[in-house]
Amino acid sequence: MTVLMGQMMNMPLTVSSLIRHAARHAGDVEIVSRRCEGDIHRSNWAEVHERARQLAQALEALAVRPGERVATLAWNGHRHVEIYYGVSGSGRICHTINPRLFPEQIEWIANDAEDAVLMGHRGEMPASTSVPDLLCFDDLLARHDGRYDWPELDEQTAATLCYTSGTTGNPKGALYSHRSIVLHSYGAALPDAMNCSTRDVILPIVPMFHVNAWGLPYTAAMTGAKLVMPGPFLDGASLYDLFESEKVTFSAGVPTVWLGLLNHMKANGLKFSTFKRTVIGGSACPPAMMKSLQQDYGIEVIHAWGMTELSPLGTLSKLQSKHEGLPAERKQRLLQSQGRVIFGIDMAIIDDEGRSLPWDGTSAGNLVVRGPWVISSYFKSKDSPLVSVDGEPGWFPTGDVAAIDADGFMFITDRSKDVIKSGGEWISSIELENIAIAHPSVHEAAVIACRHPKWDERPLLVVVPKPGATVSREELLRFFDGKIAKWQIPDDVAIVAELPHTATGKLQKLRLREQFRDHVLPTAG
Ligand code: AMP
């Protein structure tokens, strides 16, 4: 077949084009940071562009070659934004590492990535140090004049590297390209996604080491929005203070951080004056939290699903106009789903033989995705993780189990390894957790599979009560009556002081399962 080619410019989609645009068209729009030093620092897109170019010159002077990895161990702040743009824009790879990991994990990841440089926060420079080649970031930049032209890179060039949280086995690297980052930014900014504009004041609570803060430092530059960076201060009081003083309109974070903020606001009778909408994702948003944000504070909650391998956004829960007339409860059920795909992401649910399942809202299967911001393989790995759907190759298996309804609303029912397999039937741990967390005395809840002689596995509910509250096993089990089929109600309850979390705030079910490996269910006898 002969085809006629379009006659349009072939401009590569690059990270440097984002910062150049922001500096030119929203140069005086602020980047406000609460720094590790404790002070509030005010910068803007023009200044970030200037300092990113100084950093590019500094990397040149330090002989860091294109393609080499520059690691960060840093919180959300203006210097981290400068590093994002200076490193990727100049053809190096920005490798964000989570500072909350154990030292051995950081060492493993930095060695695997073969990082050439490591940039981190440290208040003042020490007078003497045993660290070889230690440099002060601000001094380093001050040595250069910022007169630097961004190189013309192939848009498929690698730009950033982020390792999965590795709840099973060693972490694996997702290596994003300039093209994937720019396309993800377009997708993220769409009205039915994060709906970002130059009138927004965005406070990413999600850290910049957790999948590029869900792309917000790029989306903010693309749209010319103001950025407010909270540093390491993610407690309720510090966050509330920033939301109010900087007139934040939009935010994004995992459910755990909202717990702290909401508790602080409830305890002190506080309200938001400018904050209007938020994206919550990374793990399922508890219905009680969504309701409280919506009804007590008038916040639009956009529930999102994604993963490191997806840059991370895949789906977001927004209603279509035909849903407006639905009864409140049915609307809420859709908003509570993981939502519909952004253009760019294609999804399917498949059975264990790779056959696609119908979008009927009830058939649950393994969720697979594909798209220009989905990984095709892991960093340094030659094996393809991809699978086929109805014989067609090229789909990424997410490890999540989901159902999809006729309108394309996706409902995650579990991680494939967390689902409870009771006598051949699957029980969703998330569904049980959502019921438990609605109990007034429950602070946090997790449901895991426990070995059972007859049914293989049965659910065990592990609960952390609210401070000062007491609750009994019997009362909690009764709470499930009428809310779920009888055979799905947990067999037992364990009350604990705290649950294990990963460094990004996700429940570590693997550790919890280890902790309760020898637990004997009362129904096992
Ligand atoms: P990570 O790569 O660390 O961001 O983890 C990705 C995983 O987090 C997904 O595969 C899901 O299991 C889980 N996840 C992310 N968002 C949600 C959500 N809204 N609801 C339920 N699970 C989620």
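Residues numbered from 1 in each chain as written. Predicted model: local features only at pLDDT ≥ 70, side-chain atom pairs only at ≥ 80, totals over all residues. Heavy atoms only, no water.

Caption draft 1: The arrangement of the sheet that holds strand β13 (residues 313-316) in detail. Taken in spatial order, the 9 strands line up as β2-β1-β9-β8-β10-β11-β12-β13-β14 in an open sheet, and their pairing is mixed. Every interior strand has two partners, whereas the edge strands, β2 (40-44) and β14 (340-341), have only one. Relative to strand β11 (residues 277-281), strand β10 (residues 250-253) runs parallel, the two sharing 4 bridges. Note on β11: the bridge partner recorded for S251 is T278. Contacts from helix α2 (residues 45-61) reach β1 (30-34), β2 and β9 (226-229) within the one sheet, and its direction differs from that of β2 by about 85 degrees. (Pairing = 2+ DSSP bridges. Helix = DSSP H or I, 4+ residues; strand = E, 2+ residues; numbered from the N terminus. Contact = heavy atoms within 4.5 Å. Axes fitted to C-alpha atoms, helices over the stretch in contact; angles between N-to-C directions.)

Caption draft 2: Focus on the pairing of strand β8 (residues 201-204). The side-chain alternation of β8 yields two buried faces, one formed by V201 and L203 and the other by I202 and P204. Strand direction decides the pairing type here: β8 and β9, joined by 2 bridges, are parallel. Its bridge partner being in β9, V201 is matched across the sheet by K226. The sheet contact formed by β8 and β10 spans 3 bridges and is parallel. Note that in β10 the partner of L203 across the bridge is S251. (Buried < 20%, exposed > 50% of the residue type's maximum accessible area, 1.4 Å probe, protein only.)

Caption draft 3: The arrangement of the site of the ligand in detail. Surveying the vicinity of the ligand reveals 15 residues, the closest of which are A304, T308, D400, R415 and K506. Note that a nitrogen atom of the ligand is positioned 2.7 Å from one of the backbone N or O atoms of A304. Between the ligand and R415 there is a distance of 2.7 Å, counted from an oxygen atom to a side-chain nitrogen or oxygen. The protein chains hide 92% of the 500 Å² of surface that the ligand would expose on its own. Class assignment for the residues of the shell around the ligand results in 4 nonpolar, 8 polar and 3 charged. (Near = heavy atom within 4 Å. Polar contact = N/O pair within 3.5 Å; in protein donor to acceptor, adjacent residues only side chain to side chain. Areas by Shrake-Rupley, 256 points an atom, 1.4 Å probe, with all protein chains shown as cover. Nonpolar A, V, L, I, M, F, W, Y, C, P; charged D, E, K, R; others polar.)

Caption draft 4: View of the nonpolar core. One finds W45, Y85, M194, F243, W258, F272 and V279 to be the most contacted residues of the largest nonpolar core, which totals 104 residues. No other element matches the 6 residues that α2 contributes to this core. Judged by nonpolar contacts, the second largest core, of 19 residues, contains I435, A436, V463 and L476. (Core = buried A, V, L, I, M, F, W, Y, C linked by side-chain atoms within 4.5 Å.)

Caption draft 5: Geometry of helix α12 (residues 328-335). Considered for burial, the residues of α12 that qualify are Q332, L334 and L335. For α12, the angular spread of buried residues about the axis comes to 160 degrees, placing them on one side. For α12, the exposed residues set more than 90 degrees away from the buried face come down to E329 and R330. (Arc of directions from axis to C-beta.)

Caption draft 6: Region of the structure containing the packing of aromatic side chains. Applying the stated criterion to the full structure yields 12 aromatic pairs. Relative to W258, the ring of F243 has its centre 6.4 Å away and its plane inclined at 65 degrees; by these criteria the two rings are edge-to-face. With F243 in helix α9 (residues 236-245) and W258 in helix α10 (residues 255-268), this residue pair connects regions lying 15 residues apart in the sequence. For the pair F243 and W258, a shared accessibility class is recorded, and that class is buried. Seen in terms of ring centroids, W258 and F275 are 5.9 Å apart; in terms of plane orientation they differ by 0 degrees. Their pairing is stacked. (Phe/Tyr/Trp six-rings, centres within 6.5 Å; stacked < 30°, edge-to-face > 60°.)

Caption draft 7: Up close: empty space enclosed by the protein. Per the counting criterion, the structure on display carries 2 cavities of 30 Å³ or more. Of the voids in this model, the largest cavity is the one considered here, and its volume is about 70 Å³. Considering the residues around the largest cavity, the lining is formed by 13 residues, among which R34, R35, C36, G77 and H121 are closest to the centre. Among the secondary structure elements, those contributing two or more residues to the lining of the largest cavity are β1 and α3 (78-89). Residues belonging to the lining of the largest cavity are distributed by class as follows: 3 nonpolar, 6 polar and 4 charged. In terms of lining, the second largest cavity is formed by I181, H184, S185, N212, G215, Y218 and S311. It is helix α6 (residues 178-189) that provides the largest number of residues to the lining of the second largest cavity, a total of 3 residues. Among the residues making up the lining of the second largest cavity, the classes are represented as 2 nonpolar, 5 polar and no charged. (1 Å grid on protein atoms, 1.4 Å probe; cavity = no way out; pocket = protein on both sides within 12 Å on 5 of 7 lines; lining within 4 Å. Points joined across faces, edges and corners; volume = space filled by probe spheres on them.)

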